[in-house]
Every structure is written in C-alpha cells, then in structure tokens.
Amino acid sequence: MKHDCALVFGCNRMGREVATQLAARGVQITLCDDIEGTVDHDSRHWRYRRVDITSDEELRDAGIGREVTHLFALFDNEAHNVFLVLSARAMAPDLQIIGLSLSADSENKLLTAGANSVIDPYAISGRKIFRVIRRPDASQLLDHVIFGDANLNLAELHVPPDTPLEGRKLADLDIEERFNVMLLGIVDRGRGGEFFFATSGVDHRVDRNDVLVVIGASEAIEVLRDYLAGGG
Amino acid sequence: MAEANALVRLAYRLQGSDRYQRVKSLVRAVLTGQNNPLRLYVDGFMVVLVLASIFGLIYEVRHPEMQFDDYLETFAVSVFALDYLLRLWVYNDAHHIIIDHFEQAEFVDRPFDTWRALHAVFRSKWAYMTTFMAVVDLLAIVPTYRPLRLLRIFLLFRLLKLFRYSRSISEFVTVLAEKRFELTTLLGFLGFVLFSASTAIYLFESHIEGGQIETPLDALYWAVVTLSTVGYGDITPHTPEGRVITLVLIITGLGVLSFFTSIIVSAFTERMPHVKAKRLHATLERRRNYTVLCGFGRVGETVASLLAEDGEPFVVVDPDPEMIDRAQRLGYMALIGDASDQQLLSDIGVATRASRVLCLTGSDITNLYTTLSVRYINKDIEIIARCDKAETEPKLRYAGATHTVLPFRIAGLIAAEYLEQPVAFEAIYGVMTGHSSVMVDTVAVQPGSWLEGRSIDEINISRQQLRVLGVISASQEQREHEGSSYNYCERRFHFRPRKFFHLHVGDMLVLIGHQLSLTHFRETVLLRGKI
C-alpha cells in the first residue's frame, strides 16, 4: 500500500480518536490545531503542529499540495471546518478531504466546499443504536468483521493493469469456491465504474482497474490478491 | 358464648373451604377483574339493562299504564341489587377479620368479643358502602323516587370504564382550587351585584301596573338571566328606573363573564404541561414493550426518527423544554423530566412495561447515573448507553448497560476504514446503515421450522438472489462440512458453510441480499413451516 500521510485538524476528542485509529494502521499523522488552540505535545502516534488556517502559506508548509494525501477537518466549529475545506480544496484538487459534521445541515455545506466525504458521529451513532435494536446479531457480526480484529476481514482488491485475467467472466473464475471468500461486489469499469453488489445477478467481466470487494480470512485475501496480479 | 363459638367456627370453615374461596375469587374476577373475558359479557349485559331501564323511564312519562315496563323495572332492580350485594361481598374477606380478632384474643388470653369483631367487619364494609360509586349504585336501585333512577346513568360510567378519565376531572377541580382566591372574590362581587340589582328592580317594578315582577324570586331570576347575558325576555323592565338598572346590569355582566372566563383559561394554560404529562402517562399505561429514549440531542433525534419510521413505540425524556417541544412537533411522545429521577422512571413504566432504555445525552455522567438508576429498578431491561469518553465504557458496563455506543470511537474507526479502503467501506457502510437496498440480516432456525435439519444445498437460496454469508451457531463445537469457522462472542460463526452443512435448531443464517429477497425468503420459510 502506498505511504499515506494525513493531516488531522482539530485537537479535540474526535481529532485524537481519528489520529489514534489512523496511527494504529500505520498512517503518518500530523495533528494540527488552530492558532488559538490548546497547547498539545507530540506523542508516540503523531506530531503536533499549530497552523493558522487563514494563512495559505502555513497550510502549504504543513504539506497540503505536496506529500499529504488525506486531510481531516475535525474542528468543533462548523465555520472553521468549511473554511479549511475550501482553502485546502483550492490548493490541492486531488487531496482526499474528510469533514466533521455535528449538526444536520453542515454536511451539505462541507460537501459544497469540496469535501470528499463527511463524518457525522452523532448520526452514525444514532443509526448504530437502531441497528443494535433491530438486528442485533447481524449488526454485531458486521462490526466484528469490519472493525474487530477477527480473522475475517473486509477487503477491497484492485485488479492490476497487467492482470492476466482481463476479459474473463467473473462467474467462470469461481473466485468464491477457490479462495473461500465471499464476493460482496465489484466496481466495474466496463459499466461506468459503479459499484455492483454480487447479489444483483449480473455477471461481470474483469477489466483492469476493477475493484473487487470481498470478505474472507486474511490469508485467503492475500492469496486472491496474488492471483489477481497473475502470481497465483 | 354459643353464638360466638358458632361465628368463629363458621369463619374457620370458610377459611378452610376450597369451594368457597374458588367461588368468591371467580365472582371477584368477573365483577372487578382487569382482564377477565367473562367480565366483558357481564358488563355488556349491565349496559343494556341500564339503557333499557332509562328508556323505560322516558317511555313511562307518556304511557303510565304500561305493564311491561313494571316487569322490566323489577328485573332491573333485582339485578342491580344482586350486583350491589355481590360487590359488597367480594370487597373484602369478613372471615379474615373475625379470625384475626379471635386469634388476637387467644394470644393475649382475653375472651373473644363478638360485637367488636362484628363491628370491625361492619366498619370495613361501610368503608366500601360510602365510596362514591357504591352510593350511586345504591341510589340507582332505591325504587321509591322514580326520577332518582336517572342516577343509573352513573352506572354507565362505571360499566364503560369512563372513570379512567376521572383524572382529567380531578385535574379540572385542582385547577379551580388553585384559583380559589380569584373565584371567591368574583363570587362575592357577583353576589353583591345580584343582590343590589334584584332588590332595586323589586322596589321599582313590583308595585306598578302591568309589571311582571311579583315576588323577590322573580327579581332574582330576572337579575341572573340578565347578568349572564342570556336574556330570555320573559320578564322585562317597564319603568325608566328599571331600564337603567338593566343597562348597568348587562354591562357589569359582560365584565363578570369575561373575568370569569379569563381566570379559568389562564388557570388551564398554566396547568397545560402538567395535564399533557398526565395524559402521556395514561397513554403509556396502556402500552407494552416500548423504548424510553433519554436525551433528545442529535443522536437521540436520529434514533427517534428511525424508530418512528419503523413503527416502534417510544417515549422521549429530556430535561430541556425546548428539546421536548421539538420532539412533540415531530409527533413523538415526549416528556420533560430528569431521566435519573427514580419517581419519573417508575411513572413511565421502566420497572414494568418498557422493554428498553436508551441513555443518549451528551454527558457521560448523566448517562451513567441514568443507567444505574434504571438498572436499580429493573434487573432485566435492555439498556443502551452512549459514552463520549472511552474511559467511561467499563463504568457503564459495570453500572448495568447492555450495550454501549461510543460516537467518537465509531467515527474514528469509520474514518480510518474509509481512508484505507474507500470502496469496500462505502459498500458495507451502505449495507449497515440501510442506505443501500442490499442488506445483511439473520434468520433464526426455530424448532419445527422448515429450515430445521436441512442442508445449505437444499435451501437453494441462490435462486432468490440471496447468499449465505455464514451461520452463527449457539454452541462452539465444530461441525461436519463446515468450511472455515471462528469463535465469536461465545458462539461460533461458520463462514461460507459448505453445501452439506446441516442447520440445527438455534442456528442463525446470516444472509446478504436485496431487501425484497430477504422478505420473500422469510415468508417462504414461515409458509413452508406451517405445512
């Protein structure tokens, strides 16, 4: 996997939580705070830095437009987040920007400002609680697979450009039986790059740059990854 | 002494007799039981009887010679009398009182006082006889004064269980009592005006030719009719003095009426939140298995809207009136109050009728305290608590939360997952939140279900565009043909079970597929199970 480098803005509970989770996955983290922010220190997981978000120069110094691949705008203040997202988007069109939304209508503002994705912890928790109520077993299992450190994992596999499988039908490959994984779906470049669930009953042709989403044991997923690259 | 002995022996005989107890408890259940099916018929019969006797009364006014009506009346009165006596009988157990007295006397070695015992029995029965309903019952059967039979309408109240609305009536009385000072002032003023007006009109009009006021009662009647702005016009003033009095009286009447109305209206407006809360309690009392949602912030609101969409009953509790107002505008049942208040919790049925409590406020301290209070009054209820700080989670578990939800932890995990594999995450997140039409759901293998003992191959699920992600089994043992399986939360998850994997009772199929397919599959399983 390519070396990720993330800037996390907002030295609050959310910022620290995201920084911790990302650091645990080996992402290089810089935790940034606004100029008026509370003084924090470097830790084992991240570097600390103070950035005046109104100054483009300081933002550029922090690495936006260069090595930074992801930016998290996690200030408690909605206006700060929107400002940061807008400035960063202007500087780096390809940057992955994720914003924090704490009220119902800030999501749209952040998306308009140029965020790729918006996280709303309260709405997520609300839905999660509802899932626990309605489908306790399914919900627990999925959480286990996705977030837990179970043997089962969710993974996305990118079909490399030089794959020997190009043009073969998915059904012929019989990936599920051979590798003991569950194919959840596929991003089919041949069909406009949309995500299709495997249960929709459409057979897909494997093209370069397709993305397969599978659930399976970590080893099985690694074997499948090699196979797609032509090594299997 | 002999009759004292006989009385005590009789009391013991009744105490020991199974048949007596059985009959008495049956009668009690039929007359006063909450959910007795027989009671419905008995009450229905009584309603018909009451209506018939009232219609008979109306009919009699014009046709006094009707024979049939007398029979009906006799029958109705006997039924009512029987009902009255039976109610008196089952109200309490007289033989218990006698036995108690006898045993007390034995205990302190004193002679048994028959009269004192009988007096105690009578006192307990008298307590019933002087209750409002019992008095009404009695008056309804007294045959001497016929118009008194109208009181039977009150029987309808009891029979149709209209007294469960008596709380609203008592609420009305409380409202009036609160405004006692204003109302007495007004009443005093009113008395003064009526007295002076009727005296004046009597003085001016009683002696004139063609005047309509002849007695002081006429004068008072005229004053009240005029003051209330009803003004029948059967008595009108004939002298200029009388007309002036009328003018003054009418204008005063307008003032008095509007003052009276404003007192009542303002009293009710002040009481409105209280009345609403009472009504909510009354509504909740008839429900079972609802969810109590404490804290109507962003998380609470999201959960509430999802629950409402799903048709799941719930009640919102929040100390902030603004939040409650918002919840009520959205059409939810909502109550202002502190959810850690023991009294409030038992009032809304947390100890008995609610099946789940959600503690979703933004303060970990409040959530913990609420969790503890709820667990204290109900050992089995499901509690889902939110905690913003990870350190609070074990404390919440210790306090008795069944599930904990950490908004920032989840959001952090989601952010990390999103960064690593956006496509996979987007897909599964849609599945989890129900944003996409594809869902993951479980189908339990019930005893006697069509699924029991079948293999994965036999279920042939792929025809319905469904796929088996796995099977969760209650026991941790390995199974034949299971493929790979993992221990998970004290159960075993069989991932992608092979074709010949057989389902046992208690297993849970985890399926992925379109919502329609899932619903269809559930229906098929149910249908086939019945054949």
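Located above this text is the structure these notes cover.
Criteria and thresholds
- Residues numbered from 1 in each chain as written.
- Chains lettered and ligands numbered in written order.
- Predicted model: local features only at pLDDT ≥ 70, side-chain atom pairs only at ≥ 80, totals over all residues.
- Heavy atoms only, no water.
- Contact = heavy atoms within 4.5 Å.
- Buried area = accessible area lost by both parts, 1.4 Å probe.
- Salt bridge = Lys/Arg side-chain N within 4 Å of Asp/Glu carboxyl O.
- Pairing = 2+ DSSP bridges.
- Helix = DSSP H or I, 4+ residues; strand = E, 2+ residues; numbered from the N terminus.
- Axes fitted to C-alpha atoms, helices over the stretch in contact; angles between N-to-C directions.
- Phe/Tyr/Trp six-rings, centres within 6.5 Å; stacked < 30°, edge-to-face > 60°.
- Buried < 20%, exposed > 50% of the residue type's maximum accessible area, 1.4 Å probe, protein only.
- 1 Å grid on protein atoms, 1.4 Å probe; cavity = no way out; pocket = protein on both sides within 12 Å on 5 of 7 lines; lining within 4 Å.
- Points joined across faces, edges and corners; volume = space filled by probe spheres on them.
- Nonpolar A, V, L, I, M, F, W, Y, C, P; charged D, E, K, R; others polar.

Chemist: Explain the interface of chain A and chain B here, please?
Modeler: Much of the literature gives interface size as the accessible area that the parts lose upon coming together. Contacts between chain A and chain B engage 69 residues on the former and 66 residues on the latter. Where chain A abuts chain B, roughly 6,600 Å² becomes buried across the two surfaces, and 70% of that area is made up of carbon and sulfur atoms. On the surface where chain A and chain B come into contact, there are nine salt bridges. Arg467 of chain B is paired through a salt bridge with Glu176 of chain A; the nearest N and O atoms lie 2.5 Å apart.

Chemist: Please clarify how the sheet that holds strand S8 (residues 181-188) of chain A should be interpreted in this entry.
Modeler: Neighbouring strands of a sheet are bound in pairs by backbone hydrogen bonds; such pairs are parallel or else antiparallel. Ordered in space as S7-S10-S8-S9 (chain A), the four strands form an open sheet in which the pairing is antiparallel. Where the open sheet ends on each side, the last strands, each with one partner, are strand S7 (152-158) and strand S9 (194-197) of chain A. Strand-to-strand twist of the sheet, defined as the mean angle between neighbouring strand axes without regard to direction, takes the value 25°. As paired elements, S7 of chain A and strand S10 (residues 211-217) of chain A share seven bridges and run antiparallel to each other. Note that in S10 of chain A the partner of Leu154 of chain A across the bridge is Ile215 of chain A. In this fold helix H19 (residues 422-433) of chain B packs onto S7, S8, S9 and S10 of chain A, with an angle of close to 130° to the strand it touches most, S7 of chain A.

Chemist: Would you take a moment to explain the packing of aromatic side chains for this structure?
Modeler: For any pair of aromatic rings, geometry is given as the distance between the ring centres together with the angle between the planes. Across all of its chains, the model carries 12 aromatic pairs over all chains by this definition. Taken together, the aromatic side chains of Tyr12, Phe102 and Phe112 of chain B make up a single cluster linked through ring pairs.

Chemist: So what exactly am I meant to see when it comes to unusual backbone geometry here?
Modeler: Trans is the common state for peptide bonds, and a negative phi is the common state for residues other than glycine. Residues other than glycine seldom take positive phi values, yet Asn209 of chain A does so here, at roughly 70°. Tracing the backbone through its elements, the reader meets Asn209 of chain A in the loop between S9 and S10. Given a relative accessible area of 40%, Asn209 of chain A falls into the partly exposed group. Of note in this structure, Asn289 of chain B is not a glycine but carries a positive phi near 55°. On the secondary structure map, Asn289 of chain B appears in the loop between helix H12 (240-285) and strand S1 (290-294). Classification of Asn289 of chain B by relative accessible area gives exposed; the value is 52%.

Chemist: Explain empty space enclosed by the protein here, please?
Modeler: Think of a ball as big as a water molecule: rolled over the atoms, this probe shows where empty space is left. Residues and elements named next belong to chain B. Under the defined criterion, the tally for this structure stands at one cavity of 30 Å³ or more. Considering only enclosed or pocket space, the largest cavity measures out at about 30 Å³ in volume. Every residue along the wall of the largest cavity is listed here: Trp450, Ile459, Gln464, Phe521, Thr524, Val525 and Arg528. Element by element, the count of residues in the lining of the largest cavity is highest for helix H21 (residues 515-530), at four residues. The class makeup of the residues in the lining of the largest cavity is four nonpolar, two polar and one charged.

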